[in-house]
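Descriptive structure summary
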Amino acid sequence: MQPKIGMFDSGVGGLTVARAVRERLPQSSLIYFGDTARAPYGCRSKEELMVFGQEIIGFLISRQVDVVVVACNTSSAHVLEELREVCSVPVIGMIDAAIALAGRCAPGKRVGVLATEATVASGAFERRAMQWNEERPEAERLVWTVSQACPRFVPLVEAGLSDSAEALAAARAYGEAILRTKTEAVILGCTHYPFLRGALRACLGPDVLLLDPADEVAKFVAHGAFGGVRGLRFEDREIGQGAEPPNVRYYVSGSTDLFWQAGRVLMGEGFARELVRQGQLNDVDVGMVRIQP
Ligand code: DGL
């Protein structure tokens, strides 16, 4: 029996993590929930993030998942520990993976993060980076420079405008803080931001490292690094090696069309054959998710 992975985000952002997990664990089943009706999460309160997270995890658990990936930095920054407490299966978040990636790729370097307003306000990245530094010799420590909130990014990505002039203008505005602080490595601290890699690269130039923690999270899933919650070890296979087509389903709380249009930029033409708008399925109890548009 292959393990079943549950994953959620406010919208298409978590697809960057879904893609990495599918590449690393091609035989696993994946149930993805994009809460597009309530996106963006970046301006939500901790209380709202907890309610949404609990509802969605309840839905994923009702689909018998073995592990939940919170493919959203905002929810990870604010309510990961609380969600772990109420969830019967291991829960993996984004922040630890991002700092581990920065520690590996940019030891001793000037590191900053681009993230949502709520993530920046939480201070979660700085806290985790400080812990990381405490456990390491001087030369390997991360030199924290800046945490920049980027509220214009997520609506642009959700609207399928990642390659637009507006996206470039927003990247230029937010990238200024990175350039001004001479930051050498930037954590993409929101799962939507890898969609904007082109715009960010154009503004930041070729030398700034852009760190997308998606594959690091996929490794956490593959190797059972769940913060000691429960040891599950998934089989980590070479891409495409004798794999059956993965059993993947995407659920969205808002428009399936918008999700499909924005998502297929990343996932390619085959995307969304099994895209289901919650409420349209008779055999699934989606009452766990209340929609308050
Ligand atoms: N993609 C999510 C994150 O990583 C949520 C962004 C949002 O909805 O504002 O933070």
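Now for a quick tour of the structure. (Residues numbered from 1 in each chain as written. Predicted model: local features only at pLDDT ≥ 70, side-chain atom pairs only at ≥ 80, totals over all residues. Heavy atoms only, no water.)

1. Notes on the packing of helix 8 (residues 165-180) against helix 9 (residues 197-204)
It is the contact of helix 8 with helix 9, at a shortest axis distance of 8 Å, that shows an interaxial angle of 50°. The pairing of helix 8 with helix 9 is recorded here as oblique in orientation. Of the two possible hands of crossing, helix 8 and helix 9 adopt the one that is right-handed. Where helix 8 approaches helix 9, its residues A167, L168, A171, R172, G175, I178 and L179 are matched on the opposing element by A199, L200, A202, C203 and L204. Per-class residue counts for the contact of helix 8 with helix 9 are 10 nonpolar, one polar and one charged. (Axes fitted to C-alpha atoms, helices over the stretch in contact; angles between N-to-C directions. Helix = DSSP H or I, 4+ residues; strand = E, 2+ residues; numbered from the N terminus. Parallel < 35°, antiparallel > 145°, perpendicular 65-115°, else oblique. Left-handed = near helix turned anticlockwise from the far one by under 90°. Contact = heavy atoms within 4.5 Å. Nonpolar A, V, L, I, M, F, W, Y, C, P; charged D, E, K, R; others polar.)

2. Side note on the sheet that holds strand 6 (residues 143-149)
Taken together, four strands build an open sheet; the order of strands is 6-5-7-8 and the sheet is parallel. Looking at the sheet topology across the chains shown, the edges are occupied by strand 6 and strand 8 (209-211). Direction aside, the axes of adjacent strands within the sheet are offset by 25° on average. Pairing between strand 5 (residues 110-115) and strand 7 (residues 185-188): four bridges, direction parallel. Looking at the pairing, L114 lines up with L188 of strand 7. The sheet contacts of helix 8 involve strand 5, strand 6 and strand 7, and relative to strand 6 the element is tilted by about 165°. Those strands touched by helix 9 are strand 5, strand 7 and strand 8, and its axis lies near 155° from that of strand 8. (Pairing = 2+ DSSP bridges.)

Just distances and angles here, no functional claims.
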